[in-house]
Amino acid sequence: MSDYFPADLLSEILVKLPVKTLIRFTGVSKSWRSIITSAAFIASHLSNNSKNQTLLITRHGKHSKLDQFSLLKVSENGNFGINSSSEIEIPFEFQIEYSRIVGSCDGLVCLSNDMFFRNPSISSIIIWNPSVRNHIVLPNPTINPIESHNVVLGFGGFASHVYKVVRLVYGRKIDDVGCLSVPPQVEIFSLTTRSWRRLIGEVDVTLWALKSTHCRAFVNGVVHWLAYEPFDENESRRCSILAFDIGDEVFNEVMLPDELAKDASANLGIFVIEDSLGIVNSNMESWDVWMMKEYCMKEPWTKLYTIDLCEGMEKIVAFSKRGEVLVALWNLGLVVYNPETKETKDPGIYGDPYSLFVDNYVESLVLVRGHR
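Here is what the cut-offs are and how they apply
- Residue positions are given per chain, counting from 1 as you read along its sequence in written order.
- Local features in a predicted model are, by the rule used here, given only for residues with pLDDT of at least 70; side-chain atom pairs are given and counted only at 80 or more, and totals for whole chains, interfaces and linings are based on all residues.
- Side-chain numbers here rest on the full set of heavy atoms in the structure, without hydrogens or water.
- The helix and strand labels rest on DSSP assignments: H or I over at least four residues marks a helix, E over at least two residues marks a strand, and numbering proceeds from the N terminus.
- Under the scheme applied here, a residue whose accessible area is under 20% of the maximum for its type counts as buried, over 50% as exposed, and between as partly exposed, the area being computed with a 1.4 Å probe on protein chains only.
- For this analysis, residues touch if any pair of their heavy atoms sits within 4.5 Å.
- Here the Shrake-Rupley method, with its probe set to 1.4 Å, supplies the accessible areas, and only the displayed protein chains count as covering residues.
- Any two rings among Phe, Tyr and Trp, with Trp reduced to its six-membered ring, count as a pair given centres within 6.5 Å; such a pair is stacked if its planes are under 30 degrees apart, edge-to-face if over 60, and tilted if neither.
- Here a polar contact is recorded for every N or O atom pair within 3.5 Å, except that within protein the pair must consist of a potential hydrogen donor and a potential acceptor, and residues adjacent in sequence are included only if both atoms are side-chain atoms.
- Pairing between strands is defined by DSSP: at least two bridges between the two strands are required.
- Convention adopted: a line fitted to C-alpha atoms gives each axis, helices being fitted over their contacting stretch, and angles between N-to-C directions are expressed from 0 to 180 degrees.
- Put simply, a disulfide is two cysteine sulfurs that come within 2.5 Å.
- Buried Ala, Val, Leu, Ile, Met, Phe, Trp, Tyr and Cys residues that are joined via side-chain atoms within 4.5 Å together make up what is termed a nonpolar core.
- One side-chain nitrogen of Lys or Arg within 4 Å of one carboxyl oxygen of Asp or Glu is enough to make a salt bridge.

**Digging into the overall build of the protein chain**
Piece 1. Helix and strand content of the protein chain: five helices and 26 strands.
Piece 2. By the burial criterion, 51% of the 372 residues in the protein chain qualify as buried.
Piece 3. Counting only contacts in the protein chain whose residues sit at least 6 apart along the sequence, the fraction spanning at least 24 positions is 49%.
Piece 4. Just so you have it, the protein chain exposes about 18800 Å², and 50% of that area is on carbon and sulfur atoms.

As structure tokens, then:
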């Protein structure tokens, strides 16, 4: 049938179809498979699909500590609502049941279990595309000090669809195990070369990056970590943001507003809010939500609003593309908070509130088998 359609016309038709259908269509003929697995088609399909509202959720169930992954289709008009939900079968196993999401970008999800399991002879990092049910296990990193150390990871891509994992390895000072040495050693894994390489030359990092999930966000080709300055007996500790440009492979510092910079890092969380960098400052009574409207300008931060805490609210988990706030409750799961109406809604997403992770997700053909 494809012989009756010009290739350009066929591509225009296929690019509008969902990933699951396209995977089936790779078996129609060699010419269809060649189109669907080509780099140009994958990029066009990703661009066409990026406006769709989908959430990736990982959580522990009520009766299981195993990670459960789901994709939720969100209504595109009106108030937040779930159009459909599908559980994702994980096609691989880690050495232990706990894993954490390092980041997601263009349909790829980077997972690691290095927070609980460290064995330099066994890789603990995986890049996975749930939509095409394919994954790669990263080779063992090259920087594995014998001495006590702390590892911080980041994941993302940039305009040319090159995807990288960055790994920061901070040594611990012998005379004070609570202090880390700066700068860290840095290595980068590229999905293009399928190998690690060390960042050569002076690494301009004087901050300690934090590794927790709520301390990391990927925005506009840059990985951001909440960070703080090393201890100084003569000065108060200052919080900041360490940024790594995936394309240029350069580190920078993004300054926080003065009232946040002097706060304890445990009270801060970093998020993506409407495709911009956001910060949430929490206390016992409320959450202040800030957003960087102009990236890296002299005074870029704007305080958007304050959420007064209600009983049972544990933490902010994520923000939808339209700006609604997903909040974990102590005994339920998630509720959706509308900052304009200040009303909450139960979307029917349940699980252990401390295991819940939510990220905006786009289905893609990246890593599809046969991709050239």
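**Quick look at the packing of aromatic side chains**
Piece 1. Applying the stated criterion across every chain yields a total of six aromatic pairs.
Piece 2. Between Phe-69 and Trp-128 the ring centres are 5.3 Å apart and the planes differ by 85°, which places this aromatic pair in the edge-to-face class. Here the residue Phe-69 occupies a position in strand E2 (residues 67-74), and Trp-128 occupies one in strand E6 (residues 125-129), the gap between them amounting to 59 residues. The same class applies to Phe-69 and to Trp-128, which are both buried.
Piece 3. Between Phe-271 and Phe-319, the aromatic rings sit 5.5 Å apart at their centres with planes inclined by 70°, giving edge-to-face as the arrangement. Residue Phe-271 is located in strand E18 (residues 268-273), and its partner Phe-319 is located in strand E22 (residues 313-319); the two are separated by 48 residues in the primary sequence.
Piece 4. Of the residues examined, Phe-319 reaches a relative accessible area of 2% and is grouped as buried.

**Overview of the side chain of Ser-364**
Piece 1. Tracing the backbone through its elements, the reader meets Ser-364 in the segment after strand E26 (357-361).
Piece 2. By relative accessible area, which is 1% here, Ser-364 ends up buried.
Piece 3. At 2.7 Å, the side chain of Ser-364 and the backbone oxygen of Asp-106 are in polar contact.
Piece 4. A distance of 3.3 Å separates the side chain of Ser-364 from the backbone nitrogen of Val-366, its partner in a polar contact.
Piece 5. In contact with Ser-364, other than residues within four places in its own chain, are Val-19, Leu-46, Asp-106, Gly-107, Asn-129, Ser-131 and Val-132.

**Focus on the sheet that holds strand E21 (residues 301-308)**
Piece 1. If you trace the four strands from one edge of the open sheet to the other, you get E18-E19-E20-E21, paired in antiparallel fashion. Taken across any chain shown, the strands that pair with only one partner, and hence form the sheet edges, are E18 and E21. Across the sheet, the mean angle from the axis of one strand to that of its neighbour is 25°, orientation sign disregarded.
Piece 2. The pairing of strand E19 (residues 276-282) with strand E20 (residues 286-292) spans five bridges and is classified as antiparallel. Counted as the bridge partner of Asn-281 is Asp-288 from E20.

**Things to note about the state of the cysteines**
As used in these notes, a disulfide is a covalent bond between sulfur atoms, one from each of two cysteines.
Piece 1. Tallied over the entire structure, the rule returns zero disulfides.
Piece 2. The closest cysteine sulfur to the non-disulfide-bonded Cys-215 is located on Cys-239, 9.4 Å from its own sulfur.

**Digging into the sheet that holds E22**
Piece 1. If you trace the four strands from one edge of the open sheet to the other, you get E22-E23-E24-E25, paired in antiparallel fashion. Either end of the sheet is taken by a strand with one partner, and the two such strands are E22 and strand E25 (343-345). Neighbour-to-neighbour, the strand axes of the sheet open up by a mean angle of 35°, direction not taken into account.

**With respect to the nonpolar core**
Nonpolar side chains in soluble globular proteins tend to be buried together.
Piece 1. In terms of nonpolar packing, the biggest core is built from 42 residues, with Trp-225, Leu-242, Phe-251 and Ile-279 touching the most fellow members.
Piece 2. Ranked by the residues each element gives to this core, the list is headed by strand E15 (residues 222-228), at six residues.
Piece 3. Once residues within four sequence positions are removed from consideration, Ile-279 is found in contact with Leu-226, Ile-241, Leu-256, Leu-260, Leu-268, Gly-269, Ile-270, Asp-288, Val-289, Trp-290 and Trp-301.
Piece 4. With 35 residues, the next largest nonpolar core counts Leu-10, Ile-35, Val-102 and Leu-367 among its residues.

**Section: the environment of Ser-38**
Piece 1. Summarising the element assignment, Ser-38 is placed in the loop between helix H3 (30-36) and helix H4 (39-49).
Piece 2. Given the relative accessible area of 14%, Ser-38 is considered buried.
Piece 3. The spacing of Ser-38 and Leu-365 is 327 residues in sequence and 9.7 Å in space, taken between C-alpha atoms.

**Overview of the pattern of salt bridges**
Piece 1. Inspection of the entire model under this criterion finds six salt bridges.
Piece 2. A salt bridge links Glu-249 to Arg-197, with the nearest nitrogen and oxygen atoms 2.3 Å apart. One end of the pair, Glu-249, is in the loop between strand E16 (239-245) and strand E17 (250-254); the other, Arg-197, is in strand E12 (residues 195-198), and 52 residues separate them in sequence.
Piece 3. Given a relative accessible area of 15%, Glu-249 falls into the buried group.
Piece 4. Put simply, Asp-288 and Lys-303 hold a salt bridge, and the shortest N to O gap is 3.6 Å. One end of the pair, Asp-288, is in strand E20; the other, Lys-303, is in strand E21, with 15 residues separating them in the sequence.
Piece 5. What emerges from the salt-bridge pattern is a single network uniting Lys-164, Arg-197 and Glu-249.

**Brief notes about unusual backbone geometry**
Piece 1. Residue Pro-183 is reached from Val-182 by a cis peptide bond, and omega for that bond is 0°.
Piece 2. Its location among the elements puts Pro-183 in the loop between strand E10 (176-180) and strand E11 (185-190).
Piece 3. Phi is positive for Asn-220, close to 55°, though the residue is something other than glycine.
Piece 4. Relative to the assigned elements, Asn-220 resides in the loop between strand E14 (216-219) and E15.
Piece 5. Here the phi dihedral of Lys-342 falls at roughly 60°; this positive angle occurs in a residue that is not glycine.
Piece 6. When you line up the elements, Lys-342 lands in the loop between strand E24 (334-338) and E25.
Piece 7. Overall, the relative accessible area of 60% leaves Lys-342 in the exposed class.

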